[in-house]
Amino acid sequence: MAISISVVIPARDDAEFLRRALEALAAQTRPADEIIVVDNGSTDDTADVARAHGARLIDEPVQGILRATAAGFDAATGTLLARIDADSVPLPDWLERVEAAFLRADALTAYTGPGRFYDINAAGAWAGKTFYLGGYVTWMTLFLGHAPLFGSNMAMRRDAWMRIRDTVHRTDRRVHDDLDITYHLLPDMIVEYDSTLVMPISGRPFHSYKGFMRRLGWAFRTIGVNLPGQWPWQRWSRRRAARKAAARLVTTQMRETDAV
């Protein structure tokens, strides 16, 4: 199966971070087929940096991280939609590993991994990894019935995005795009969390108390707007039913093949 990969980077006033991210993408052992930078109302030279590095620039002046990500996903042409933040610095084999995951025989829908903070002290990086990111994965896996996507380090099939694109809260400025998209993945969609697929990211969520609390507030809002009809026991039940249906289909197909 041929795979093409579009990398989408939403950015607002992130010129310096973006330059490093694009340089890291240029050094990939498996190059991206398309790099899209969504300029979400920047007042710095984010757009100039994107153009200088050969990225396709999408202008989304209405601010909102989910709105920007959705604009990039809608415009992308790849069979896989990879997403990083402007402050992500993908290791040279990142896209190679992403492609390999989707070339396996199982019907993977989305692939994601953790972050590693690079511009804070060792104690802060450990706390961020253990409690901030680790807590996100642990608790949201319990809530969702599967691992959550991490927006700094994720990829999903474009056809899966097309199935859910009209259901996400793209006009809500106070939701996290990765968690909202995760909530809208359908019961038959499979998410793999790979703890070895590490992405270096900035520790800027911890640079200010106000910024950290804003992100935390977005997390609770994202959960709140998605909870009706999406309570943990409902999600777990639906996913169990989807797995059983898939297993029955495989059994039926095997029997039909044996009967031929």
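Residues numbered from 1 in each chain as written. Predicted model: local features only at pLDDT ≥ 70, side-chain atom pairs only at ≥ 80, totals over all residues. Heavy atoms only, no water.

Draft legend 1. Broad picture of the overall build of the chain. When helices and strands are counted, the chain shows 9 helices and 9 strands. On C-alpha atoms alone, the chain measures out to a radius of gyration of 19 Å, which is about the 18 Å that the 2.2 N^0.38 rule sets for 260 residues. For the C-alpha atoms alone, the extent of the chain along its principal axes is close to 65 × 35 × 35 Å. By residue count, 48% of the 260 residues in the chain fall in the buried class. Looking at the chain alone, contacts between residues at least 24 apart form 79% of all its contacts between residues at least 6 apart. For the chain, the exposed surface amounts to about 12700 Å²; the carbon and sulfur share of it is 58%. (Helix = DSSP H or I, 4+ residues; strand = E, 2+ residues; numbered from the N terminus. Rg over C-alpha atoms; globule rule 2.2 N^0.38 Å. Buried < 20%, exposed > 50% of the residue type's maximum accessible area, 1.4 Å probe, protein only. Contact = heavy atoms within 4.5 Å. Areas by Shrake-Rupley, 256 points an atom, 1.4 Å probe, with all protein chains shown as cover.)

Draft legend 2. Molecular detail of the packing of aromatic side chains. Per the counting criterion, the structure on display carries 8 aromatic pairs. On the basis of an interplanar angle of 50° and a centroid distance of 5.8 Å, the ring pair of Tyr132 and Phe212 is categorised as tilted. Of this pair, Tyr132 sits in helix H5 (residues 122-144) while Phe212 sits in helix H8 (residues 209-226), placing them 80 residues apart in sequence. By relative accessible area, which is 27% here, Tyr132 ends up partly exposed. Residue classification places Phe212 among the partly exposed residues on the basis of a relative accessible area of 24%. On the numbers, 5.5 Å between centres and 10° between planes, the contact of Trp231 with Trp233 is stacked. (Phe/Tyr/Trp six-rings, centres within 6.5 Å; stacked < 30°, edge-to-face > 60°.)

Draft legend 3. Molecular detail of the packing of H5 against helix H7 (residues 177-184). Running from amino to carboxyl end, H5 crosses H7 at an angle of 25°, the nearest separation of the two axes being 11 Å. Judged on the interaxial angle alone, H7 and H5 are roughly parallel. Pair H5 / H7 crosses with right-handed handedness. Here Tyr136, Met140, Phe143 and Leu144 of H5 come into contact with H7, specifically with Asp178, Leu179, Thr182 and Tyr183. When its residues are assigned to classes, the contact of H5 with H7 shows 6 nonpolar, 1 polar and 1 charged. (Axes fitted to C-alpha atoms, helices over the stretch in contact; angles between N-to-C directions. Parallel < 35°, antiparallel > 145°, perpendicular 65-115°, else oblique. Left-handed = near helix turned anticlockwise from the far one by under 90°. Nonpolar A, V, L, I, M, F, W, Y, C, P; charged D, E, K, R; others polar.)

Draft legend 4. A look at the nonpolar core. Counting 34 residues, the largest nonpolar core has Val7, Ile9, Leu22, Trp94 and Phe102 as its most contacted members. Going through the elements one at a time, strand S1 (5-11), helix H1 (15-26), strand S2 (34-39), helix H2 (46-52), strand S4 (80-83), helix H4 (94-103), H5 and strand S9 (199-201) are the ones with two or more residues in this core. Core analysis: the second largest hydrophobic core is formed by 26 residues, Ala68, Ala76, Met154 and Val191 among them. (Core = buried A, V, L, I, M, F, W, Y, C linked by side-chain atoms within 4.5 Å.)

Draft legend 5. Region of the structure containing the pairing of S1. The element S1 is extensively covered by neighbouring structure, given that 7 of its 7 residues are classed as buried. Burial of the side chains of S1 extends over both faces: Ile5, Val7, Ile9 and Ala11 are buried on one face and Ser6, Val8 and Pro10 on the other. Across 6 bridges, S1 lies against S2 in parallel orientation. By the bridge assignment for S2, Val7 is matched with Ile35. Between the parallel elements S1 and S2, the chain passes through H1 in a crossover that is right-handed. (Pairing = 2+ DSSP bridges. Right-handed = clockwise from strand over helix to strand, strands pointing away.)

Draft legend 6. Main features of unusual backbone geometry. If you check the backbone angles, Asp13 has positive phi at about 55° while not being a glycine. Counting through the fold element by element, Asp13 comes out in the loop between S1 and H1. A relative accessible area of 34% means that Asp13 is categorised as partly exposed.

Draft legend 7. Focus on the sheet that holds strand S3 (residues 56-59). Spatially, S3-S2-S1-S4-S7-S5-S8 is the arrangement adopted by the 7 strands of the open sheet, whose pairing is mixed. The strands lining the two open edges of the sheet, one partner per strand, are S3 and strand S8 (191-193). Pairs of neighbouring strands in the sheet enclose a mean axial angle of 20°, with direction left out of account.

Draft legend 8. Inspection of the packing of H7 against H8 at higher detail. Contact pair H7 / H8: the axes reach a minimum separation of 9 Å and the direction vectors enclose 20°. Considering the angle they form, H7 stands roughly parallel to H8. For H7 against H8, the interelement crossing comes out right-handed. Contact residues: H7 offers Leu179, Asp180, Tyr183 and His184, while H8 offers Ala219, Thr222, Ile223, Val225 and Asn226. In the contact of H7 with H8, the residues fall into 5 nonpolar, 3 polar and 1 charged.

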